[in-house]
Amino acid sequence: LALKGFDLTVGCARLSGSMSAQPSGISVIRYRSFPMKFSLAGKKYDAPWYPQAVWTVIRSRPQIVVLEGSTNFLNNLFLLPVAKLLGANVVWWDAGRRAGAHPNRFRRMADPVINRMMRWSDQCIAYSTLARDYMVEAGVQIDRVTIAFNTLDTSRILSAGDDQGAFRKELL
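About the cut-offs
Residues numbered from 1 in each chain as written. Predicted model: local features only at pLDDT ≥ 70, side-chain atom pairs only at ≥ 80, totals over all residues. Heavy atoms only, no water. Axes fitted to C-alpha atoms, helices over the stretch in contact; angles between N-to-C directions. Helix = DSSP H or I, 4+ residues; strand = E, 2+ residues; numbered from the N terminus. Parallel < 35°, antiparallel > 145°, perpendicular 65-115°, else oblique. Left-handed = near helix turned anticlockwise from the far one by under 90°. Contact = heavy atoms within 4.5 Å. Nonpolar A, V, L, I, M, F, W, Y, C, P; charged D, E, K, R; others polar. Buried < 20%, exposed > 50% of the residue type's maximum accessible area, 1.4 Å probe, protein only. Arc of directions from axis to C-beta. Polar contact = N/O pair within 3.5 Å; in protein donor to acceptor, adjacent residues only side chain to side chain. Pairing = 2+ DSSP bridges. Right-handed = clockwise from strand over helix to strand, strands pointing away.

Re the packing of helix 2 (residues 73–85) against helix 3 (residues 105–120)
And step 1. Two elements in contact, helix 2 and helix 3, have axes whose closest approach is 11 Å; the angle formed by their N-to-C orientations is 25 degrees. Considered as vectors, helix 2 and helix 3 are oriented roughly parallel to each other. In the packing of helix 2 onto helix 3, the handedness of the crossing is left-handed. Facing helix 2, whose interface residues are Phe73, Asn76, Leu77, Leu80, Pro81 and Lys84, helix 3 presents Phe106, Ala110, Val113, Ile114, Met117 and Trp120.
And step 2. Tallied by class, residues from the contact of helix 2 with helix 3 come to 10 nonpolar, one polar and one charged.

Some details on helix 4 (residues 129–137)
And step 1. If you check which residues of helix 4 are buried, you get Ala131, Tyr134 and Met135. Along the axis of helix 4, the buried residues cluster in a sector spanning 95 degrees; they form a single face.
And step 2. Where helix 4 is buried, its residues touch strand 6 (89–94), helix 3, strand 7 (123–126) and strand 8 (145–147).
And step 3. Looking at where helix 4 begins, the residue whose side-chain oxygen comes 3.4 Å from the main-chain nitrogen of leucine 130 is serine 128.

Brief notes about the pairing of strand 3 (residues 34–40)
On a regular strand, each side chain points to the face opposite its neighbour's, so the side chains alternate between the two faces of the sheet.
And step 1. Pairing between strand 3 and strand 4 (residues 43–49): seven bridges, direction antiparallel. Considered in strand 4, the bridge of lysine 37 is made with aspartate 46.
And step 2. Here strand 3 hands over to strand 4 after two residues, with alanine 41 in that stretch at a positive phi of 55 degrees.

Some thoughts on the environment of asparagine 75
And step 1. In this fold, asparagine 75 is placed in helix 2.
And step 2. By relative accessible area, which is 1% here, asparagine 75 ends up buried.
And step 3. Separated by 26 residues in sequence, asparagine 75 and tryptophan 49 have C-alpha atoms that sit 6.0 Å apart.
And step 4. Setting aside chain neighbours within four positions, we find asparagine 75 in contact with Pro48, Trp49 and Tyr50.
And step 5. Polar contacts involving the side chain of asparagine 75 include one to the main-chain amide nitrogen of tyrosine 50, which spans 2.7 Å.

Some remarks on the pairing of strand 6
And step 1. In terms of strand pairing, strand 5 (residues 64–68) meets strand 6 through five bridges, oriented parallel. The residue bridging valine 65 from the neighbouring strand is valine 90, located in strand 6.
And step 2. Here strand 6 runs beside strand 7; their pairing, made up of four bridges, is parallel. Along strand 7, the bridge assignment pairs tryptophan 93 with isoleucine 125.
And step 3. A crossover connection joins strand 6 to the parallel strand 7 through helix 3; in handedness this β-α-β unit is right-handed.

As structure tokens, this is what we get:
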């Protein structure tokens, strides 16, 4: 990955898949995860907490902070205001909500805060048009939402037939 004029740092709790090896040009910070477990209305929840992420933002003073939307709610409660106070542009990246899903009690309590955090972000990235619609319904201006489809065109893979190696090179 070559980004002219940018230093890219990725913070994560665990490395897996393509991130298990240190990518060229990207520094990776592995955060220690403190699992925050709680129950509400008979349902159990896990909310990982990465306090090191806040200190990383304070120390490094990045120009852009990308937040992993509602699934990272607890950390975003701290990361978003700290990033904004330090003058960073904040990007909210979210999958939205499943079609037809009815929010549980915890989500109904958290949604007003999540919606405010999305609106406070400078830009939003949605995994799909459904996620974009979710963000717009939360009050985010549509021109601040970019859709980055989280899919792969399998027809191209299948059409490559026995020449999978050439297709892999094309993707890299």
